[in-house]
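Structural characterization, general
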Amino acid sequence: LRHGRIVMGPEVAELETALARQCGNAFAVAVDSGSSALYLALRCLDLGPGDEVITTPLSWVATFNAIAATRALPVAVDIGDDLNMDPAAIEAAITPNTRAIVAVHYAGLVCDMAPIMDTAARHGLDVVEDAAQAFSAHRDGSPAGSFSRLAALSMNPMKVFSAYGEAGAVVCDEEALYDRLTMLRYAGTVNREECREISLNHKPDTIQASMLLVVLRHLEDKVEQRRKIARYYDGELGSLVACPGEPQGARHVYYDYIIQCDRRDDLKCFLESRGIEVKIHHETLIPDQPAYENLPAQDLPAARRATERILSLPCHEAMRDDEAEYVAAAVRNFFVF
Ligand SMILES: *Cc1c(COP(=O)(O)O)cnc(C)c1O
């Protein structure tokens, strides 16, 4: 506030350096939201009408919306038991019009990226990670955001790494992409004067960058707290419901702790009656949203089944041990009696 550079101040550059380092990239471009980040990342691929982009049907709607905003067609493929896009399903969805894959690291678990990158390379497709829910998660020794050509981060107040308002960033390794992104976030201009591309205003607030630099110092503690609760739930509930678990070589950050079970709706009511806040992320697959009623119908049996079985249990850094014990006891009660 004292230096008076309210938008794009020096803290933004400092944050970008920190984000790039954490995501294993050369560059980061901070923007005003995760949605903007994903949209601008996709803009760099020069997509347009007739192009197809493969992604998951189970995500926040912003994933599809960012693709659709480029005027490309979002194509959903089915998911695996880990709730992430099934790498094997991608191959079957590729057509001569397929241009890119958006890999969403759902709930904070990085997708199994090796087969996804391999498929993309064989078919000459670009990959963009939607790492909005997975900042600081790892897979096979590499951080979320480091696998693809461009990756989008969100730091909205709901995320594990969260600002005190809206914020996002794109990370990448290529300088040409960095230059283009900095232009796209500022109305497509260079030197504030010459407009080279049609774009809107996606600049970040300095105050959010400033807050995030502080939040970043406490991020590891936050993630470890979530992971501790997750380990506790895994141990207490693993014999009753399908717990998220952690694949070999993955470090989950538990943006959501999602169990899967039969009688999900009854369990939800039971837990709510005991004062426990539970959520379904998400009950409607994105291609089933009214906005996408004109999309060609897709057969997504595993994703449809998941929407009837998933439930997010409370799992966050402000939770006390006795609260986690209360939740686990309530879930056990439901199944035992
Ligand atoms: C939060 C989120 C976004 C969008 O981020 P905003 O900052 O809310 O615009 C995009 N994709 C996924 C998977 C998200 O969870």
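Residues numbered from 1 in each chain as written. Predicted model: local features only at pLDDT ≥ 70, side-chain atom pairs only at ≥ 80, totals over all residues. Heavy atoms only, no water.

**Re the site of the ligand**
Selection criterion: Residues are counted as near a molecule or strand when any one of their heavy atoms sits within 4 Å of it. What qualifies as a polar contact is a pair of N or O atoms within 3.5 Å, subject to a donor-acceptor requirement within protein and to the restriction that residues adjacent in sequence count only when both atoms come from side chains. Residue-level accessible areas treat just the shown protein chains as cover; the underlying method is Shrake-Rupley with a 1.4 Å probe. Site definitions follow a grid-based scheme: protein atoms alone, a 1 Å grid, a 1.4 Å probe that fits but cannot get out for cavities, and for pockets an open set with protein on both sides within 12 Å along at least five of seven lines, plus lining residues having an atom within 4 Å of a point. Assignment of a molecule to a cavity or pocket requires that more than half of its atoms lie within 2 Å of the corresponding grid points. For helices the rule is a DSSP run of H or I covering at least 4 residues; for strands it is a run of E covering at least 2, with both sets numbered from the N terminus onward. Each residue receives one of three labels: charged for Asp, Glu, Lys and Arg, nonpolar for Ala, Val, Leu, Ile, Met, Phe, Trp, Tyr, Cys and Pro, and polar for the others, Gly being one of them.
Surrounding the ligand, one finds 14 residues, the nearest of these being Gly-34, Ser-35, Asp-130, Ser-154 and Lys-159. Between the ligand and Gly-34, the relevant distance is 2.7 Å, taken from an oxygen atom to a main-chain nitrogen or oxygen of the residue. Considered on its own, the ligand offers 380 Å² of accessible surface; in the complex 93% of this is hidden by protein. In this structure the site holding the ligand corresponds to the largest pocket. Of all the secondary-structure elements, those providing two or more residues to the shell around the ligand are α2 (34-43) and α3 (62-69). Here the shell around the ligand is built from residues that sort into four nonpolar, eight polar and two charged.

**Some details on the sheet that holds strand β4 (residues 98-104)**
Adjacent strands of a sheet pair through backbone hydrogen bonds, lying either parallel or antiparallel. Applied cut-off: For two strands to be treated as a pair, DSSP must find no fewer than two bridges joining them. Axes here refer to lines fitted to C-alpha atoms; in helices the fit is confined to the stretch in contact. Angles between the N-to-C directions go from 0 to 180 degrees.
Spatial ordering of the open sheet is given by β1-β9-β8-β5-β4-β2-β3, a layout of seven strands whose pairing is mixed. Each having just a single partner strand, β1 (27-31) and β3 (73-76) make up the two edges of the open sheet. Strand-to-strand twist across the sheet, computed as the mean angle between neighbouring axes with direction ignored, equals 25 degrees. Looking at chain direction, strand β2 (residues 52-55) and β4 are connected through three bridges and run parallel.

**Examining the sheet that holds strand β7 (residues 142-143)**
Pairing within the open sheet is antiparallel, and its three strands lie in the order β7-β6-β12. With one partner strand each, in any of the chains shown, β7 and β12 (250-251) form the two edges of the open sheet. In this sheet, β12 lies alongside strand β6 (residues 138-139) in antiparallel orientation, the contact comprising two bridges. Looking across to β12, one finds that His-138 is bridged to Arg-251.

**Re the pairing of β1**
Let me state the cut-off plainly: Only protein chains enter the accessibility calculation, which uses a 1.4 Å probe. A residue is then buried if its area is under 20% of the maximum for its type, exposed if over 50%, and partly exposed in between.
Counting buried positions along β1 gives five out of five residues, so the element sits mostly inside the fold. Looking at chain direction, β1 and strand β9 (residues 168-172) are connected through five bridges and run antiparallel. What sits directly across from Val-29, in β9, is Val-170.

**What about the side chain of Thr-307?**
Here is the rule: Any two residues whose heavy atoms approach within 4.5 Å at even a single point are treated as in contact.
You can see Thr-307 is positioned in helix α10 (residues 301-309). Look past the residues within four positions of Thr-307 in its chain and what remains in contact with it is Arg-264, Ile-280, His-282, Glu-283 and Leu-285.

**Comments concerning the environment of Ala-230**
If you trace the backbone, Ala-230 turns up in helix α8 (residues 219-237). Separated by 14 residues in the primary sequence, Ala-230 and Pro-244 place their C-alpha atoms 8.6 Å from one another.

**Re empty space enclosed by the protein**
Here is the rule we go by: Grid points are joined across faces, edges and corners, and a volume is the space filled by probe spheres set on the points.
Under the defined criterion, the tally for this structure stands at one cavity of 30 Å³ or more. Space inside the largest cavity adds up to approximately 30 Å³. In this structure, the largest cavity is lined by Leu-15, Ala-30, Val-31, Ala-167, Pro-204, Asp-205, Gln-208 and Ala-209. Within the residue set of the lining of the largest cavity, elements represented by two or more residues are β1 and α7 (206-217). Residues that form the lining of the largest cavity fall into these classes: six nonpolar, one polar and one charged.

**Overview of α3**
Side chains three or four residues apart in an α-helix point the same way, a direct result of the helix having 3.6 residues per turn. Residues of α3 that are buried: Ala-62, Thr-63, Phe-64, Ala-66 and Ile-67. Contact partners of the buried residues in α3: α2, β2, β3, β4 and β5 (126-130). At the C-terminal side of α3, Arg-71 shows a positive phi close to 75 degrees.

**Structural notes on the layout of surface pockets**
Approximately 950 Å³ is the volume attributed to the largest pocket. As for the largest pocket, its lining consists of 43 residues, of which Met-158, Lys-159, Tyr-255, Asp-256 and His-281 are closest to the centre. Listed by contribution, the elements that provide at least two residues to the lining of the largest pocket are α2, α3, β8 (150-154), α8, β14 (310-313) and α11 (321-336). Residues belonging to the lining of the largest pocket are distributed by class as follows: 19 nonpolar, 14 polar and ten charged. In this structure, the second largest pocket spans a volume of roughly 300 Å³. Along the walls of the second largest pocket sit 19 residues, with Gly-80, Asp-81, Asp-82, Leu-83 and Gln-260 positioned nearest its centre. Secondary structure elements with two or more residues in the lining of the second largest pocket: β13 (257-260) and α10. The biggest single contributor to the lining of the second largest pocket is α10, with four residues. Class assignment for the residues of the lining of the second largest pocket results in eleven nonpolar, three polar and five charged.

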